[in-house]
Amino acid sequence: QVQLQESGPGLVKPSQTLSLTCTVSGVTITSNSLYWSWIRQPPGKALEWMGAIDYRGSIYYNPSLKSRTSISRDTSKNQFTLQLNSVTPEDTAVYYCARDTGLITTGQATGRKWGQGTQVTVSS
């Protein structure tokens, strides 16, 4: 029932900010106990959890990315967003938004509901 769709530019220049939006349907992002996550997968690498915002608006970040990452939400649009600043080619990845039923800080998780993912390339 829950559906998630990532959107945003597929190409970002080095030093710029990567901005993505996840549009959620089938459930409101303020629904009790739900967590809304961003995960990425660089080519040839493992899934990496980036952070999440929960139903109350609390935000959680992967410490390795915290200094560059900002997650927010727009409840009127049932959307949550990802901003990753100062990007480099190492940030090239498929970016996913996902729904969890608790705080799960791993790249893969049983029961996680995924968007289809969107390719973001940081040009060199």
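Residues numbered from 1 in each chain as written. Predicted model: local features only at pLDDT ≥ 70, side-chain atom pairs only at ≥ 80, totals over all residues. Heavy atoms only, no water.

### Looking at the pattern of salt bridges
- For the coordinates displayed, the defined rule picks out 5 salt bridges.
- Ionic pairing is found between E48 and R40, a salt bridge with its closest N-O pair at 2.8 Å.
- Judged by relative accessible area, E48 falls into the partly exposed class, the value being 22%.
- Judged by relative accessible area, which is 6%, R40 ranks as buried.
- Where D91 meets R40, a salt bridge forms, and the shortest distance between an N and an O atom there is 2.8 Å. One end of the pair, D91, is in the loop between β8 (79–84) and β9 (93–100); the other, R40, is in strand β4 (residues 35–41), and 51 residues separate them in sequence. Take D91 and R40: they sit in the same class, and that class is buried.
- Where salt bridges share partners, they join R40, E48, R68 and D91 into one cluster. (Salt bridge = Lys/Arg side-chain N within 4 Å of Asp/Glu carboxyl O. Buried < 20%, exposed > 50% of the residue type's maximum accessible area, 1.4 Å probe, protein only. Helix = DSSP H or I, 4+ residues; strand = E, 2+ residues; numbered from the N terminus.)

### Examining unusual backbone geometry
- Here the phi dihedral of S33 falls at roughly 75°; this positive angle occurs in a residue that is not glycine.
- Relative to the assigned elements, S33 resides in the loop between β3 (18–25) and β4.
- Exposure remark for S33: the relative accessible area of 30% places this residue in the partly exposed category.
- One non-glycine residue, N78, lies in positive phi territory at about 55°.
- You can see N78 is positioned in the loop between β7 (69–74) and β8.
- Classification of N78 by relative accessible area gives buried; the value is 13%.

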